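Coordinate analysis (summary)
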Amino acid sequence: MTSNCCSSKPDSERAVRERYTAAALEREPMLCCPIDYDPRYLAAIPQEVLERDYGCGDPSRYVREGDIVLDLGSGAGKICFIAAQIAGPKGAVIGVDSNEAMLSLARRSAPQVAAALGYANVKFQRARIQDLALDLDALDRWLGEHPVRNVEDLAALEAARAELRRGSALIADASVDLVVSNCVLNLVREADRRQLVAEIFRVLKVGGRIAISDIVSDEPVPDVLKADPELWSGCVSGAFQERELLQALEAAGFRGIAIDKWEDEPFAVVEGIEFRSVTVTAYKPELGPARDANHAVIYRGPWKVVEDECGNRFARGERTAVSARDFEALRGTTYADAFVPIQPRVSVPAAEQPRFEGVAPRDPRVTKGEGCRTTRKPGQQGCC
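These remarks concern the structure in this document.

Conventions and cut-offs
Residues numbered from 1 in each chain as written. Predicted model: local features only at pLDDT ≥ 70, side-chain atom pairs only at ≥ 80, totals over all residues. Heavy atoms only, no water. Helix = DSSP H or I, 4+ residues; strand = E, 2+ residues; numbered from the N terminus. Buried < 20%, exposed > 50% of the residue type's maximum accessible area, 1.4 Å probe, protein only. Phe/Tyr/Trp six-rings, centres within 6.5 Å; stacked < 30°, edge-to-face > 60°. Lys NZ or Arg CZ within 6 Å of the ring centre and 35° of its normal. Contact = heavy atoms within 4.5 Å. Pairing = 2+ DSSP bridges. Salt bridge = Lys/Arg side-chain N within 4 Å of Asp/Glu carboxyl O.

1. What about unusual backbone geometry?
Cis geometry is adopted by the peptide bond preceding proline 302, which originates at glycine 301 and carries an omega value of 15 degrees. Of note, proline 302 is situated in the loop between strand E10 (296-299) and strand E11 (305-307). You will see that cysteine 183, though not glycine, has its phi angle at about 65 degrees, which is positive. Inspection of the secondary structure assignment puts cysteine 183 in the loop between strand E4 (176-182) and helix H7 (193-203). Judged by its relative accessible area of 3%, cysteine 183 falls in the buried class. Unusually for a residue other than glycine, glutamate 271 sits at a positive phi of about 50 degrees. Counting through the fold element by element, glutamate 271 comes out in the loop between strand E8 (268-270) and strand E9 (273-283). Taking the relative accessible area as the measure of exposure, glutamate 271 reaches 64% and is therefore exposed.

Here you go:
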């Protein structure tokens, strides 16, 4: 983990930059929680990287073979190098950070990891995680050729920034399967967090996932603690309040949002406020038109009724109509244990599918087909 941003105060911004620059050169134990990583993936990683790893979770365990992975706040590169081995040669890993000292360590370590693995599928880019379109190395090159000396030059700089974002976005729209982050989002200014979550949503493919390990607080953090540079740069006072991160993800359009891992033992306690590590998962849904192809699902339980992010309610044991689009989502990995998927007996061609009118109880004959009157006696098809 490393700094990609700043606190809401200038002193905190400088403290984050200076603290993580120093931490790239010499290990700082106060910046991490004890994490057990799969030892199979550590042998290929230089010891210098392992010693400069700062985080509060292991989002790499959510990587799948062939994934294109984006690591926000990649620091020395440990999570990237683990993800590279899980994703394999058919996958790719992009680490994004704004701290040049950390990037230098990661970039010089990448060839060593590639040599150990026998393939190279990791690259490191310089950007702020709340602005994934702007390549800071490209902007530096532009500034080297166009120094800013007056107001007119400043206007040209703003135009260059806009063109870099628009013409050659560092991370393109809908280009990533999985976004991970390890204890970095809490370092982003509160004013930039809506943009941060929107950027994560932008770069994900439809069906793409997130696995965010970060620090949350059990109570709102008072401004006096947020203004403390040491607490902010130490991943404490910039923490999201427990529900805040989940609400921000929901507002951005994510679905299947869950606290997948929760540490009982707090990372820190300040003035009675508990700060602990959590890992949150979610996915980017398909946003196209909802069509009715006679699909249904049955919510298994254990709750009497559940409600999704769109306000749709599913009663336990009730055969419920869902759109063709949502059927695919509900039978996917995220919800596989919660719903029984019921395919229509006769498929409905896409051109004949009417607009889906909303979640409601579905008559079994709709799914089976109105004319279905077949009879099959017990034992005729492998029950016993």
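2. Details of the packing of aromatic side chains
A full pass over the atoms with the stated rule returns 6 aromatic pairs. Judged by centre distance (5.1 Å) and plane angle (90 degrees), the ring pair of phenylalanine 201 and phenylalanine 254 falls under edge-to-face. With a gap of 53 residues between them, phenylalanine 201 in helix H7 and phenylalanine 254 in the loop between helix H10 (244-252) and strand E7 (255-262) connect regions that are remote in the sequence. Both residues of the pair, phenylalanine 201 and phenylalanine 254, count as buried. Pairing tyrosine 299 with phenylalanine 339 gives two aromatic rings, centres 5.7 Å apart and planes at 55 degrees, and the pair type is tilted. Of the two residues, tyrosine 299 is situated in strand E10 and phenylalanine 339 in strand E14 (residues 339-342); the sequence distance between them amounts to 40 residues. Taking the relative accessible area as the measure of exposure, tyrosine 299 reaches 4% and is therefore buried. Classification of phenylalanine 339 as buried rests on a relative accessible area of 6%. Linked through ring pairs, Tyr283, Tyr299, Phe314, Tyr335 and Phe339 together constitute an aromatic cluster. The ring of phenylalanine 240 is capped by arginine 193, whose NZ or CZ atom sits 4.4 Å from the centre of that ring. The lysine or arginine in question, lysine 284, covers the ring of phenylalanine 201, its NZ or CZ lying 4.8 Å from the ring centre.

3. Some points on the environment of leucine 103
Mapping leucine 103 onto the fold places it in helix H4 (residues 100-117). Judged by relative accessible area, which is 1%, leucine 103 ranks as buried. The spatial distance from the C-alpha of leucine 103 to the C-alpha of arginine 126 is 7.5 Å, given a sequence separation of 23 residues. Excluding its chain neighbours within four sequence positions, the residues that come into contact with leucine 103 are Gly75, Asp97, Phe124, Gln125 and Arg126.

4. Remarks on the sheet that holds strand E13 (residues 319-321)
In a beta sheet, neighbouring strands pair by backbone hydrogen bonds and run either parallel or antiparallel. Across the sheet, which stays open at both edges, the 4 strands sit in the order E14-E10-E13-E15 with antiparallel pairing between neighbours. The sheet is open, and its two borders are formed by E14 and strand E15 (360-361), each paired with just one other strand. Pairing of E10 with E14, which is carried by 4 bridges, proceeds in the antiparallel orientation. Pairing of valine 297 across the sheet is with proline 341, part of E14.

5. Things to note about the pattern of salt bridges
Enumeration according to the criterion identifies 24 salt bridges in this entry. The salt bridge partner of glutamate 158 is arginine 161, with a shortest N-O separation of 2.8 Å. Here glutamate 158 and its partner arginine 161 are both found in helix H6 (residues 151-167), 3 residues apart, which amounts to about one turn of the helix. Among the residues examined, glutamate 158 registers a relative accessible area of 41% and is labelled partly exposed. The salt bridge partner of lysine 261 is glutamate 263, with a shortest N-O separation of 3.5 Å. With a relative accessible area of 38%, lysine 261 lands in the partly exposed category. Judged by relative accessible area, which is 29%, glutamate 263 ranks as partly exposed. Through salt bridges that share partners, Glu100, Arg107, Arg126, Asp137 and Asp140 make up one connected network.

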